[in-house]
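# Structure assessment
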Amino acid sequence: MNSDTRLLELEDLRKWFEIRRGFLSSRVNYVKAVDGVTFSLEEGKAVSLVGESGSGKTTLGKTILRLYEPNGGRILFQGKDITHTKVKDLKWYRRMASLVQQDPFGAFASHFTVFRALEEPLLIHNTVKSREERAERVFKALEEVRLTPVEDFAYKYPHMLSGGQLQRVAIARAIILEPRLIVADEPVSMLDASVRIEILTLLRRLQERLRLGVIYITHDLATTRFFSESALIMYAGHVMEKASTREVLRNPLHPYTKALLIATPDPNPQNRSRFKEVPPGEPPALVDPPKNCRFSPRCPRAFDKCFKEEPPEFEAAPGHWVKCWLYERS
Amino acid sequence: MGRLKMSSSKRVGGLKGVLHEVLSYKSAVIGVAILLFLIVLSVYTMVTIPLPEAIQAWRSSEAWSRNPRNAQPEWVEIFYGKKLPRTIIVPLKDADATKVLLEDGRLAASWTVYFNYEYDDFPSEIVMFFNSSYSEKPAVEFYWIRPDGEEVFLKKHVLRRPDDRLYLSNDLSLELRLEGLFENKVGGKPSFMVTVEKGLFAEYSLDPRVLKGRYGIRFETTLEKNDVLNAEVVIYGSVYGLAGTDHLRRPLLIGLLWGTPIAMSFGLTSAILTTVLSLIIGTISGWYGGKIDLVIQRIVEINAVLPFLPILIMLTTFYRIDLLIILLSVVVLSIFSLGIKGTRILVMQIKSYPYIEAAQAYGASNMRLILFYVIPKILPPVVPGMISSVPGFVFLEAGLSYLGLGDPFLPTWGKIINDAQTNGAFYKGMYYWVLEPAFMLILTSIAFALIGMALEKIVNPKLKEL
Ligand SMILES: Nc1ncnc2c1ncn2[C@@H]1O[C@H](COP(=O)(O)OP(=O)(O)OP(=O)(O)O)[C@@H](O)[C@H]1O
Ligand SMILES: [Mg+2]
C-alpha cells in the first residue's frame, strides 16, 4: 500500500465509556465499546463495518469523527495525528470528515428549512462569503443527490419530506463542504426497503465520482459486496476479521463471520432479511470484559486457549486478517 | 436501542401566523383589544404628560389648590340621579373695579361679580385667593347677593399677605351668623346643620334645598393710589373630572394614567427578563452539565425555599427604592425559579437528538448550537407562560407600593390604593379611590391572562378541548 494514498489510519484505537456505580462510589467501570481497532483506509475507497447490535460500530464511527475522544491508540487522518487534538482545533477536520446518520427524521432541526440546514455548514466554515454563492452551493448539492427541481425541495421543512428524501438531504449536507471522508452509520436501515438500494447506489456513485473515503456501517453483510472494497467484521468492540469484501464473503474464516453469512443466504439483497443472531447466546457484556476471545462463549469451535487468552490478529492469507486462535501458525 | 422519536410539531408561519391564530380565539380578541387600549393609553399619557412634569405635579400641593378635595368622579351622577356641583372659579379683576377718588387721595373700590349656580347639591368648600400688591394692608368687606336680590354681609377681612387666602368654610363666626339669619328667616330650627355653604346656597326652608340661580359677590375696600387687588373666589364642587381627586386635591386621573405605562413596562420587563434569563440559565445548566449544573441546581433549590417577599421587603427597606432597583431585585429573585429544572431536562433531551450530533460533526460551536438549535426549540413553549406571568409582576409592584415600599416618586396604582387605605377611603365612602386603580389592575391582568391562555392553547394544542 502506498502511504501517500492513505486517508485514515487507526492504530489500536480504544473508546471506553466510564460508568460509575452509585452516586458517591469512586469505583469506575468501563464499557469497552471499541477496544483495540487497527485498520487503514485509502483515499476514494469504501470500507464496510459489519456487526451485531452493540458491537461498537457507531462508537467507532463517532470516535473516528472525533465526536468522542479516544482512550487509547491513534487516529491519523492524511498522516496527521488527530487522536487528542482539542475540539476547537479540529475545525479543519470537521470540513474533511462528515456524517450520515441512521435516522433521517431526527437528523434535522425541525425549524430549519432544507436550504438553511444545508447552508449551516457553509456558514459555520465561512467557506463561501456571498449569499448567492452559498445558494449556488446548496442547489448544486441538492442536484448531486437528485432532489430536483431543487426549488421544490430547498424551502421545505423536514416534516414535509419522506425518509428517503430526508436521507438524500443528509447526504447533500455531508458532501457540501467537499469532505474526503464520510461515515455513513446504517444510512438505510430505517428506510423503506424500496428506497434502500437507491440511496446506497447514490452514495456509491458519489463516492466514486468525488473520490470519497466512505465508512459504511451496516448490519447487512449482503449489501457490502456492492458498496465497499473492504470489510471489517466487528464483535464486542473487537475487529474479528478484515479483508477485501469479496474475500470476506467468498472465503470467511472467522467462525463469527461464517455464522453471519449463513444468516444471509439470499443472493438478492432486496429480499434479504436483516441479520439475525444465529449463533446461540448473547454478545458479552462490555463492562470490564475478561481477557479472552470475546466470541468464545458462543463459538462452536472454541477450545481451551480461546477461554483464557485474547487472540492477536493473524494474517491467514495475504491481506486477510483474522482474530482467532484457529489461525495461529504453529 | 431506544430512539427518541421527535415530535414533528406543526410550525406556525412567523409572527403574522401566530397573531392570526391568536385572534381566532374570541377571548384573545378581547385580550388584544384591552392590551391595545392600554398601550394607546400609555403612549397618550407619555406624550401629553411628560414624566418629569407628572412627578413634579404629583408631588406638589400648590398645583392642585383650585381642585376640590376628595371629589368623586363626575360620572357618579348617574347613580345619584342629580346634578352634582362642579368647581366654579369666580375671578375679581382689579381692572373691573369701580373706583372713586376720595378726599384723602385714596380710592374707594368696589366690585360685583355674578355667577350661576344650577347644581342639585351644595358646594364642598369656599375659598378666596387674593393676589394683590399694596402699601398698606387693605380691609375688604364682602357681600353675598342671593338670586332673589337679598344682600348678606359676609365679613370684613384685613389682608394678612399679598397672596392671602380666606377659608370661608372654616369661619366659625360667619357660620354662626348665617345660622342665626337662617333661623330668623325660616322661623325655626332647620332640620340640617347650617354650614357656611348651606347658609349661602340653601333656600330658606326647614329642609336643605339648593336655591338655584344667579348669585353675586360684592367686594368693597379702600385702596392707596397704586394698590392692585385681584382675587378668585373658588366654590369647590363635589365631583371632579373622570377620576375624581384625592386628599391632596390631586386628580387621580394623572396617577391612573401614569400608572399604566409604569405597570405595563414593569410587568412586561420583569416577565421577559425573568423568562429569558431563566431560560438561558436552564439551558446552560442542561447543556454543559457537570459542576455548572450542580451549582445552578443547588441555587435553584435554595431559592425555592427562600421567602421571596420578605427578602424583597428587606431589600427595599435597606436600599434607596426606585422602580429600577425594585425591578432588578424582582428579576434576580425570580430567575432561579423551579422552571429552570424543566428547561434543563428539556435541553438535556434536545442535546441527545441526532441533529445536534450532526451539527457537531459539521463543526457547530456550543454557542451556535445553543442559540440556533436549542433556544428556538424551547422558547415558543415558554412564551404563553411569560405573557401570563405579567399580571403577577404588575400585582407585585402594586403590592409593594401598597406596603409603602414602592418608588416614592412615581404615581402608581399601588400607591393610589395605599393613599386610599391610609386616608380611610372605604370608611369614608370614597369607593372610587380604591376601585379605580383596582379596575386598572384587573383590566391589565385580564388582558395578559386572556392572551396568555390563547397562546397556551396554540403552543399546547391538547388544551384546546378545555
Ligand atoms: N455514551 C455511552 N455511554 C456508555 N455506553 C455506551 C455509550 N454509547 C454506547 N455505549 C455502549 O457501547 C456499546 C456499543 O454501542 P454502539 O452504539 O457503538 O453499538 P452499535 O454497533 O452501533 O449498535 P447498533 O447496531 O445497535 O447501532 C453498547 O454496549 C452501548 O451500550
Ligand atoms: Mg449504531
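Residues numbered from 1 in each chain as written. Chains lettered and ligands numbered in written order. Predicted model: local features only at pLDDT ≥ 70, side-chain atom pairs only at ≥ 80, totals over all residues. Heavy atoms only, no water.

Another point: the overall build of chain B. Scanning chain B for helices and strands turns up 16 helices and nine strands. Taken against the 2.2 N^0.38 rule, which gives 23 Å for 466 residues, the C-alpha radius of gyration of chain B at 33 Å runs more than 25% over that of a compact globule. Dimensions of chain B, computed from the C-alpha atoms along their principal axes, are close to 115 × 45 × 40 Å. The buried share of chain B, reckoned over its 466 residues, is 49%. (Helix = DSSP H or I, 4+ residues; strand = E, 2+ residues; numbered from the N terminus. Rg over C-alpha atoms; globule rule 2.2 N^0.38 Å. Buried < 20%, exposed > 50% of the residue type's maximum accessible area, 1.4 Å probe, protein only.)

Residues and elements named next belong to chain A. The step from T148 to P149 runs through a cis peptide bond, and the omega angle for that step is -5°. As for its placement among the helices and strands, P149 is situated in the loop between helix 4 (131-144) and helix 5 (150-154). Here R211, not a glycine, exhibits a phi torsion of approximately 50°, which is positive. In this structure, R211 sits in the loop between helix 7 (193-209) and strand 8 (213-218). R211 gets classed as partly exposed once you look at its relative accessible area, which sits at 48%.

Now for helix 10 (residues 255-262) of chain A. For helix 10 of chain A, the buried fraction is high: six of the eight residues fall into the buried class. Those residues of helix 10 of chain A that are buried lie in contact with strand 3 (46-51), helix 8 (221-227), strand 9 (230-235), strand 10 (238-244) and helix 9 (245-250) of chain A. (Contact = heavy atoms within 4.5 Å.)

Bringing a nonpolar patch on the surface into the picture now. Residues and elements named next belong to chain B. A cluster of nonpolar residues, L268, I272, L273, V276, L277, I280, I284, Y288 and I292, forms a patch on the protein surface that exposes about 640 Å² of accessible area. Looking at which element gives the most residues to the nonpolar patch, the answer is helix 7 (residues 252-288), with eight residues. Mapped onto the secondary structure, I292 falls in helix 8 (residues 290-305). (Patch = residues over 30% accessible without salt bridge, like charges linked within 9 Å, V, L, I, M, F, W, Y side chains within 5 Å. Areas by Shrake-Rupley, 256 points an atom, 1.4 Å probe, with all protein chains shown as cover. Salt bridge = Lys/Arg side-chain N within 4 Å of Asp/Glu carboxyl O.)

Moving on to the pairing of strand 11 (residues 314-317) of chain A. Residues and elements named next belong to chain A. Judged from the three bridges that link them, strand 11 and strand 12 (residues 320-322) form a sheet pairing that is antiparallel. Across the sheet, residue A317 finds its bridge partner in strand 12, namely H320. Remark: two residues form the turn of the hairpin made by strand 11 and strand 12, two consecutive strands paired antiparallel; G319 in that turn has positive phi of roughly 75°. (Pairing = 2+ DSSP bridges.)

The subject of this paragraph is the pattern of salt bridges. Evaluation of the coordinates by the stated rule reveals 45 salt bridges over all chains. Across the pair D35 of chain A and R294 of chain A runs a salt bridge, and its minimum N-O distance is 2.4 Å. Within this pair, whereas D35 of chain A is found in strand 2 (residues 28-42), its partner R294 of chain A is found in the loop between helix 10 and helix 11 (304-308), the two being separated by 259 residues in sequence. The same class applies to D35 of chain A as to R294 of chain A, namely buried. For D120 of chain B, the salt bridge goes to K212 of chain B, with nearest N and O atoms at 2.6 Å. Residue D120 of chain B is found in the loop between strand 3 (107-117) and strand 4 (125-133), and its partner K212 of chain B is found in the loop between helix 6 (196-201) and strand 8 (213-223); the two are separated by 92 residues along the sequence. The class for D120 of chain B is partly exposed, based on a relative accessible area of 30%.

On to the nonpolar core. Across soluble globular proteins, nonpolar side chains show a tendency to be buried alongside one another. Core analysis: the largest hydrophobic core is formed by 62 residues, its most contacted members being L118, L142 and I171 of chain A together with I356 and Y373 of chain B. With sequence-adjacent residues up to four places away left out, Y373 of chain B is seen in contact with A109, H111, F112 and E120 of chain A together with Y355, I356, A359, Y362 and R368 of chain B. Within the second largest apolar cluster, 59 residues are counted, among which are L38, A263, L323 and A420 of chain B. (Core = buried A, V, L, I, M, F, W, Y, C linked by side-chain atoms within 4.5 Å.)

The subject of this paragraph is the sheet that holds strand 7 (residues 165-167) of chain B. All names here are of chain B. Strand order in this open sheet of four strands is 1-9-4-7, and the pairing throughout is antiparallel. Across the chains shown, the open sheet's two edge strands, defined by having one partner strand only, are strand 1 (88-92) and strand 7. Here the average twist between neighbouring strands, direction ignored, is 15°. Two elements, strand 4 and strand 9 (residues 228-236), share nine bridges in a ladder whose sense is antiparallel. Bridged to S132 within strand 9 is L229. (Axes fitted to C-alpha atoms, helices over the stretch in contact; angles between N-to-C directions.)

Bringing the confidence of the model for chain A into the picture now. Of the residues in chain A, 92% reach a pLDDT of 70 or more, and the chain-wide mean stands at 89. pLDDT under 50 marks residues 271-277 of chain A. Its contacts with residues more than four places away, or in other chains, come to 18 contacts. (pLDDT = per-residue confidence, 0-100.)

Residues and elements named next belong to chain A. Lining the immediate surroundings of ligand 1 are 15 residues, of which S53, G54, K57, T58 and T59 lie closest. Within the backbone of S55, a nitrogen or oxygen atom sits 3.3 Å from an oxygen atom of ligand 1. Within the backbone of G56, an N or O atom sits 3.1 Å from an oxygen atom of ligand 1. Contact with the protein chains covers 70% of the free accessible surface of ligand 1, which is 630 Å². When residues in the shell around ligand 1 are grouped by element, the largest group, three residues, is from helix 1 (residues 57-64). (Near = heavy atom within 4 Å. Polar contact = N/O pair within 3.5 Å; in protein donor to acceptor, adjacent residues only side chain to side chain.)

Residue and element names in this part refer to chain B. Looking at chain B as a whole, the pLDDT averages 88, with 95% of positions reaching at least 70. Averaged pLDDT values over the elements of chain B bottom out at 77 in helix 1 (residues 14-22) and peak at 96 in helix 12 (residues 354-361). Under a pLDDT of 50 for its full length, residues 1-12 has, in the predicted model, 18 contacts with residues more than four places off or in other chains. The complex model carries a pTM of 0.79, and its ipTM stands at 0.90.

Before going further, it helps to examine the interface of chain A and chain B. It is common to report an interface's size as the accessible area lost on association of the parts. Every contact between the two is made by 26 residues of chain A and, on the other side, 20 residues of chain B. Of all residues in chain A, S110, H111 and I124 of chain A bury the most surface against chain B, accounting for 22% of the area lost on that side. Across the chain A-chain B interface, the total number found is two salt bridges. Salt-bridge contacts for E357 of chain B lead to K62 of chain A; the nearest nitrogen and oxygen are separated by 2.5 Å. At the junction of chain A and chain B, the tally comes to 10 residue pairs in polar contact (both at pLDDT 80 or more). Among the secondary structure elements, those contributing two or more residues to the side of chain A that touches chain B are strand 6 (97-100) and helix 3 (114-125) of chain A. Looking at the side of chain A that touches chain B, the element that brings in the most residues is helix 3 of chain A, giving six residues. (Buried area = accessible area lost by both parts, 1.4 Å probe.)

Take the packing of aromatic side chains next. Taken as a whole and assessed by the stated rule, the structure comprises 33 aromatic pairs over all chains. When the ring of F77 of chain A is compared with that of Y93 of chain A, the centres are 5.0 Å apart and the planes differ by 75°; the resulting orientation is edge-to-face. Taken as a pair, F77 of chain A in strand 4 (residues 72-77) and Y93 of chain A in helix 2 (residues 91-96) lie far apart in primary sequence, 16 residues in all. Overall, F77 of chain A belongs to the buried group, its relative accessible area being 0%. Plain terms: the ring middles of F115 of chain B and W144 of chain B are 6.1 Å apart, the flat faces sit at 55° to each other, and that makes the pair tilted. Highlighted residues: F115 of chain B in strand 3 and W144 of chain B in strand 5 (residues 139-145), separated in sequence by 29 residues. Of the two residues examined, F115 of chain B and W144 of chain B, each falls in the buried class. In this structure an aromatic cluster arises from ring pairing among F115, Y117, Y119, W144, F201 and Y215 of chain B. (Phe/Tyr/Trp six-rings, centres within 6.5 Å; stacked < 30°, edge-to-face > 60°.)

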